[in-house]
Amino acid sequence: MPASFSLQEALDAPLWPVAALALGLIVGSFANVCIHRLPLRQSVVTPRSRCPHCGAAIAAWDNLPLLSYALLRGLCRFCRGPISIRYPLVEAANGLLYIALALQFGPTLRTLLLMAFVTALLVLSLIDLDHRLLPNVITLPGIAVGVGASLLPGPPTPLSSLAGAAGGYLAFWAVAEAYRRARGVEGLGQGDWKMTAMLGAFLGWDQMLLAVFLASILGTVVGLALIAFRGGNGKYALPLGTFLGLAGILVTFVGDPVTTWYRGLLHG
């Protein structure tokens with residue numbers, strides 16, 4: 001990923017992180033719409049957001065990120081039905097991610113693309129958690145945007161981006177095909193292949209592998225915890241896309257130092 005943007009430089013330009021936070025909160029509100037509507041194949045543009053309990057349209061002043069939820073105390077203005085805490089949490093998480101990217105990478109076009117990338121991963125993670133679904137409308141354009149972003153200054157190189165996208169897709173296809181032949185059932189959905197390709201396009205070959213490795217560890221830990229505390233035989237299908245998304249967000253921030261450290265170990 002791009003060279004780090006020093007904290008001092010960020011402090012010298014305070015409007016940039018403030019603007020990033022505001023943008024993150026606004027986009028986070030839109031991310032909530034995508035999380036709810038995309039699995040249902042509904043438009044994310046129209047109609048306006050509505051209360052899930054009474055169906056009343058939510059006015060613009062009741063749809064301000066974080067603020068409206070606090071003022072309404074988490075209740076619909078009309079029917080007083082509860083509004084899920086997930087909505088402000090997604091807005092807050094996206095805002096914090098944007099300000100962190102702004103501080104680390106500075107005011108560049110690549111930073112703006114990374115902001116779109118982490119929002120896409122956040123949306124995909126939660127959709128897969130709820131529906132075991134990774135919509136093509138996010139993953140396929142994400143692959144194209146990631147490869148295009150590699151033409152900008154800084155890593156990954158176009159070659160690494162293309163290798164990451166193609167390698168991630170083909171590797172997961174091979175694993176899924178081997179599992180299908182061995183067990184006679186599908187083990188990995190094609191959405192996982194495409195999401196991994198998107199990770200490779202944005203992060204490059206080596207950091208894509210790091211993200212997959214971290215996702216595998218996280219999935220294993222969660223799976224073992226579910227078996228230990230809930231019982232079962234380990235056949236419960238975990239949402240791999242959720243773990244890929246969380247790992248991809250983490251690698252966006254720490255991928256450079258981790259892969260640099262690893263290369264140093266390999267070269268003595």
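Presented here is a report on the structure given in the accompanying data block. (Residues numbered from 1 in each chain as written. Predicted model: local features only at pLDDT ≥ 70, side-chain atom pairs only at ≥ 80, totals over all residues. Heavy atoms only, no water.)

**As for the side chain of N32**
Turning to step 1, where the next piece is worked out: Its place among the elements puts N32 in helix 2 (residues 15-37).
Turning to step 2, where the next piece is worked out: A distance of 3.0 Å separates the side chain of N32 from the backbone oxygen of Y87, its partner in a polar contact.
Turning to step 3, where the next piece is worked out: Once residues lying within four places of it in the same chain are set aside, the contact partners of N32 are R86, Y87, V90 and E91. (Helix = DSSP H or I, 4+ residues; strand = E, 2+ residues; numbered from the N terminus. Polar contact = N/O pair within 3.5 Å; in protein donor to acceptor, adjacent residues only side chain to side chain. Contact = heavy atoms within 4.5 Å.)

**Thoughts on empty space enclosed by the protein**
Turning to step 1, where the next piece is worked out: Across all of its chains, the model carries one cavity of 30 Å³ or more by this definition.
Turning to step 2, where the next piece is worked out: Estimated volume of the largest cavity: approximately 40 Å³.
Turning to step 3, where the next piece is worked out: If you list the elements that add at least two residues to the lining of the largest cavity, you get helix 5 (109-131), helix 6 (136-149) and helix 8 (190-203).
Turning to step 4, where the next piece is worked out: It is helix 5 that provides the largest number of residues to the lining of the largest cavity, a total of three residues.
Turning to step 5, where the next piece is worked out: Looking at side-chain class alone, the lining of the largest cavity contains seven nonpolar, two polar and one charged residues. (1 Å grid on protein atoms, 1.4 Å probe; cavity = no way out; pocket = protein on both sides within 12 Å on 5 of 7 lines; lining within 4 Å. Points joined across faces, edges and corners; volume = space filled by probe spheres on them. Nonpolar A, V, L, I, M, F, W, Y, C, P; charged D, E, K, R; others polar.)

**Points about the packing of aromatic side chains**
Turning to step 1, where the next piece is worked out: For the structure on display, the rule yields two aromatic pairs.
Turning to step 2, where the next piece is worked out: With centroids separated by 5.5 Å and ring planes inclined at 85 degrees, the aromatic side chains of Y169 and W193 adopt a geometry described as edge-to-face. In this pair, Y169 is assigned in helix 7 (residues 158-183) and W193 in helix 8, connecting sequence segments 24 residues apart.
Turning to step 3, where the next piece is worked out: Residue class for Y169 comes out partly exposed when judged on its relative accessible area of 29%. (Phe/Tyr/Trp six-rings, centres within 6.5 Å; stacked < 30°, edge-to-face > 60°. Buried < 20%, exposed > 50% of the residue type's maximum accessible area, 1.4 Å probe, protein only.)

**Overview of the packing of helix 2 against helix 4 (residues 86-105)**
Turning to step 1, where the next piece is worked out: The contact between helix 2 and helix 4 brings their axes to 7 Å, and the two run at 145 degrees. Taken as a pair, helix 2 and helix 4 cross one another with a handedness that is right-handed.
Turning to step 2, where the next piece is worked out: Across the contact of helix 2 with helix 4, the residue classes break down as 17 nonpolar, six polar and two charged. (Axes fitted to C-alpha atoms, helices over the stretch in contact; angles between N-to-C directions. Left-handed = near helix turned anticlockwise from the far one by under 90°.)

**Let's talk about the environment of L114**
Turning to step 1, where the next piece is worked out: Secondary-structure assignment places L114 in helix 5.
Turning to step 2, where the next piece is worked out: Sequence separation between L114 and L214 is 100 residues; the distance between their C-alpha atoms is 19 Å.

**Quick notes on the pattern of salt bridges**
Turning to step 1, where the next piece is worked out: Within this structure, the stated rule accounts for two salt bridges.
Turning to step 2, where the next piece is worked out: Taking the shortest distance from any N to any O, the salt bridge between D62 and R77 comes out at 2.7 Å. With D62 in the loop between helix 2 and helix 3 (67-71) and R77 in the loop between helix 3 and helix 4, this residue pair connects regions lying 15 residues apart in the sequence.
Turning to step 3, where the next piece is worked out: By relative accessible area, which is 11% here, D62 ends up buried. (Salt bridge = Lys/Arg side-chain N within 4 Å of Asp/Glu carboxyl O.)

**A short note on a nonpolar patch on the surface**
Turning to step 1, where the next piece is worked out: Among the surface-exposed residues, L250, V254, V258, W261, Y262, L265 and L266 lie close enough to one another that they form a single nonpolar patch of about 700 Å² accessible area.
Turning to step 2, where the next piece is worked out: Topologically, L266 is positioned in helix 10 (residues 240-266). (Patch = residues over 30% accessible without salt bridge, like charges linked within 9 Å, V, L, I, M, F, W, Y side chains within 5 Å. Areas by Shrake-Rupley, 256 points an atom, 1.4 Å probe, with all protein chains shown as cover.)

**A look at the layout of surface pockets**
Turning to step 1, where the next piece is worked out: Considered as a void within the structure, the second largest pocket measures approximately 640 Å³ in volume.
Turning to step 2, where the next piece is worked out: Taken together, 32 residues make up the lining of the second largest pocket; nearest its centre are S49, R50, I58, N63 and Y87.
Turning to step 3, where the next piece is worked out: At the level of secondary structure, the elements contributing two or more residues to the lining of the second largest pocket comprise helix 2, helix 3 and helix 4.
Turning to step 4, where the next piece is worked out: Ranked by residue count, the leading element in the lining of the second largest pocket is helix 2, at five residues.
Turning to step 5, where the next piece is worked out: In terms of residue class, the lining of the second largest pocket is built from 18 nonpolar, eight polar and six charged.

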